[in-house]
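Examination of the molecular architecture
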Amino acid sequence: MDLQIKSFEDYQNTYQHSVENPEAFWAGIAENFYWRRKWNNVLDWNFKEPKIKWFEGAKLNITENCLDRHIYQHGDTPAIIWEPNDPNEAHRVLTYKQLLDKVEQFSNVLKNNGVRKGDRICIYLPMVPELVIAVLACARIGAIHSVVFGGFSAQSIADRINDADCRLVITSDGGFRGTKDIELKSIVDDALVQCKSVERVIVLTRTRTPVSMIKGRDVWWEDEIKKVETQGNPPCPAEEMDAEDMLFVLYTSGSTGKPKGVVHTCGGYMVYTGYTFTNAFQYQPGEVYFCTADIGWITGHSYIVYGPLSQGATSLMFEGIPTWPDAGRLWDIVEKHHVNILYTAPTAIRSLMAAGDSYVDGKNLSSITKLGTVGEPINEEAWHWYDQKIGHGKAPIVDTWWQTETGGFLISPIAGVTPTVPGYAMLPLPGVQPILVDENGKEITGNDVSGNLCIKFPWPGMLRTTYGDHERCRQTYFSAYENLYFTGDGCLRDENGYYRITGRVDDVLNVSGHRIGTAEVENAINMHSDVIESAVVGYPHAVKGQGIYAFVIASQHHTDEELTRLDINKTVSRIIGAIAKPDKIQFVSGLPKTRSGKIMRRILRKIAEGDTSNLGDTTTLLDPGVVDEIKEGAEKLRG
Ligand code: PRX
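Let me sum up the structure you'll find in this document.

The rules we used
Residues numbered from 1 in each chain as written. Predicted model: local features only at pLDDT ≥ 70, side-chain atom pairs only at ≥ 80, totals over all residues. Heavy atoms only, no water. Salt bridge = Lys/Arg side-chain N within 4 Å of Asp/Glu carboxyl O. Helix = DSSP H or I, 4+ residues; strand = E, 2+ residues; numbered from the N terminus. Buried < 20%, exposed > 50% of the residue type's maximum accessible area, 1.4 Å probe, protein only. Pairing = 2+ DSSP bridges. 1 Å grid on protein atoms, 1.4 Å probe; cavity = no way out; pocket = protein on both sides within 12 Å on 5 of 7 lines; lining within 4 Å. Points joined across faces, edges and corners; volume = space filled by probe spheres on them. Nonpolar A, V, L, I, M, F, W, Y, C, P; charged D, E, K, R; others polar. Axes fitted to C-alpha atoms, helices over the stretch in contact; angles between N-to-C directions.

1. Thoughts on the pattern of salt bridges
Within this structure, the stated rule accounts for 40 salt bridges. We note a salt bridge from Glu-64 to Arg-36, for which the minimum N-O separation is 2.8 Å. Highlighted residues: Glu-64 in helix H3 (residues 62-74) and Arg-36 in the loop between helix H2 (22-30) and strand S1 (41-46), separated in sequence by 28 residues. By relative accessible area, Glu-64 is classed as buried at 11%. Between Arg-206 and Glu-319 there is a salt bridge, and its shortest N-O distance comes to 2.8 Å. Residue Arg-206 is located in the loop between strand S11 (200-204) and strand S12 (218-220), and its partner Glu-319 is located in the loop between strand S17 (314-318) and helix H11 (329-337); the two are separated by 113 residues in the primary sequence. Among the residues examined, Arg-206 registers a relative accessible area of 16% and is labelled buried. Look at Glu-319 and you get buried, because its relative accessible area is 2%. Through salt bridges with shared partners, one network takes in Lys-185, Asp-189, Arg-217 and Asp-218.

Dropping the structure here:
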């Protein structure tokens, strides 16, 4: 069976079948993958516990699907094209055959270092091919990877390592991003002061920055590879995994202060990422597909590594940033590697658009046939610029809506098959049953309506639990509305039945497409010794989508406001990472609180947005006077 849907009628029929008979539908899709043993049961579920089991009894290894099965006919097809940060450094290409060899080699390195099936491994690497190799090597031997984005601080790494009880860390001396050389190993060293479970650190050489290698704990990647070579480079057969064995943990922010480890399992995740990748992008053999995300986020996991590779695609990964050496870098890469499919975030599009058309005019982008966006709502202006300047009006744009928890796209156009409307994720993919509910969980039916977005039936790529704390998973996603998975997003369904995601309805911010919890930022700000209390909200930001606005009550010690702001930013960078630094800090003498002590964020949000005309009812506040003071302060801050 061809996995790809070829027409809108085909989509409608497939969708119909997928909701009427989900088990038969997904079993049919799963037949397109390589299983060592087929399942006994397609699906066993309830959203109450929740219990979600797909393809129970099936045996597989996802790397056999991503690598081995392509070798015989397509061994020389490029699997990974790597474009370095510095355009003057040579790019690298790894064919499927070469990638498999390297994955087997590094799998043996992991085994030599005592890693066994089920062990958790923390990966903190820059965007180099070795990151893909490390991820796949873990999967090959059944170790559970927990990739931590290179922008996170030592404290964040330590929290993640301790939560998952990781035995081993894979990092590099440093990483290049634009003009910066980030000292990753040194950050890991700081983290490990707090981590008892880590026995071994494998360090890749990338920047040649000086590092402290601790005897008995730290080893060089290159030395370990040499050892495997002296052993004669033995193959590393893939470990047989149950469909429901854990594949990876990936930490993401929620409305509480502590990020949670979203758990994905082998079988369902493989089927779902492969199916959605090939469909949404209508991938054709030979096409070069370029996703600009970092593998530290779910987009990189699902749509740089697992989805594309399970489909035998050529996946281009980029070490650097879109604005260095200049804002034409992505277009240079498209031109150089004849990229056919480009998948990026609205925030990147907006920043490149703001840099001016001179960076794109004159670049040969004729290879582009399909475009995608992810991570946040895209505004019309950016959509049209992307469509006209990059796609020359000929490349369908798939606005893919999904989440770390969903594993893959849930609502998204299928390129060239589904109609597109700027700002709309359009229609659910087969197997996905979205519903809108009101505050009380009552379904909102019909069209031209809006509400909270929930999903009422499981799909194979959904999260199974949150690491080490199943109750938290239930609480967060399955308790708001009975028998529904709650996404945390608000959504409208227009008169044609098309879906448009309007943004989070909880206390989660989306800054440059990155998810950050307001409580997490508040906790970090409150760590600063001069801070008594803080409240963080989001506000519209022209490039980032949302900016971080912090209202801070500081003690009398601080005399220089500007310096205290810098101190607070430094604190947030240390505790979470530079990505969570507030864009604006306003010092206040009090916060608007109800008599029960709850901060009225609605009021702060309005003030941060600069919309103070209608703040609603403030009479229930403990001290209504504080609102006027905050309003004045905000105006001053805006200048
Ligand atoms: O609010 C939605 C927004 O990003 C959130 C998920 O964030 P994360 O788990 O970090 O995953 C990002 C990459 C999948 C969602 O709850 N979001 C994601 N994609 C879109 C989006 N908002 C609007 N349109 C999208 N296409």
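2. Section: the pairing of strand S7 (residues 144-147)
Neither face of S7 is left uncovered, since the one carrying Ile-144 and Ser-146 and the one carrying His-145 and Val-147 both have all their residues buried. Looking at chain direction, strand S6 (residues 120-124) and S7 are connected through 4 bridges and run parallel. Paired with Arg-120 across the two strands is Ile-144, which belongs to S7. With 2 bridges connecting them, S7 and strand S14 (residues 246-252) associate as parallel partners. Following the sheet pairing, Ser-146 is matched in S14 by Val-249.

3. A few points about empty space enclosed by the protein
Tallied over the entire structure, the rule returns 2 cavities of 30 Å³ or more. Volume-wise, the largest cavity comes out at about 50 Å³. What lines the largest cavity is simply Ser-146, Val-147, Val-148, Phe-149, Phe-152, Arg-160, Leu-250, Tyr-251, Gly-296 and Trp-297. Put simply, the parts of the chain that give the lining of the largest cavity at least two residues each are S7 and S14. Of the residues belonging to the lining of the largest cavity, the class tally is 7 nonpolar, 2 polar and 1 charged. Considered as a void within the structure, the second largest cavity measures approximately 40 Å³ in volume. Residue lining of the second largest cavity: Asn-113, Gly-114, Val-115, Asp-119, Arg-167, Leu-168, Glu-199 and Arg-200, and that is the complete set. Of the residues contributing to the lining of the second largest cavity, the split by class is 2 nonpolar, 2 polar and 4 charged.

4. Side note on the sheet that holds strand S19 (residues 370-374)
In space, the 7 strands of this open sheet follow the order S5-S4-S17-S16-S18-S19-S20, with mixed pairing throughout. Strands with a single pairing partner mark the edges of an open sheet, and in this sheet they are strand S5 (92-95) and strand S20 (397-400). Geometrically, the sheet is characterised by an average inter-axis angle of 20 degrees between neighbouring strands, direction not taken into account. Note: strand S4 (residues 78-83) against S5, 4 bridges, orientation antiparallel. Among the inter-strand pairings, Ile-81 is bridged to a residue of S5, identified as Val-93.

Everything listed here is a matter of geometry and, on its own, says nothing about what the molecule does.
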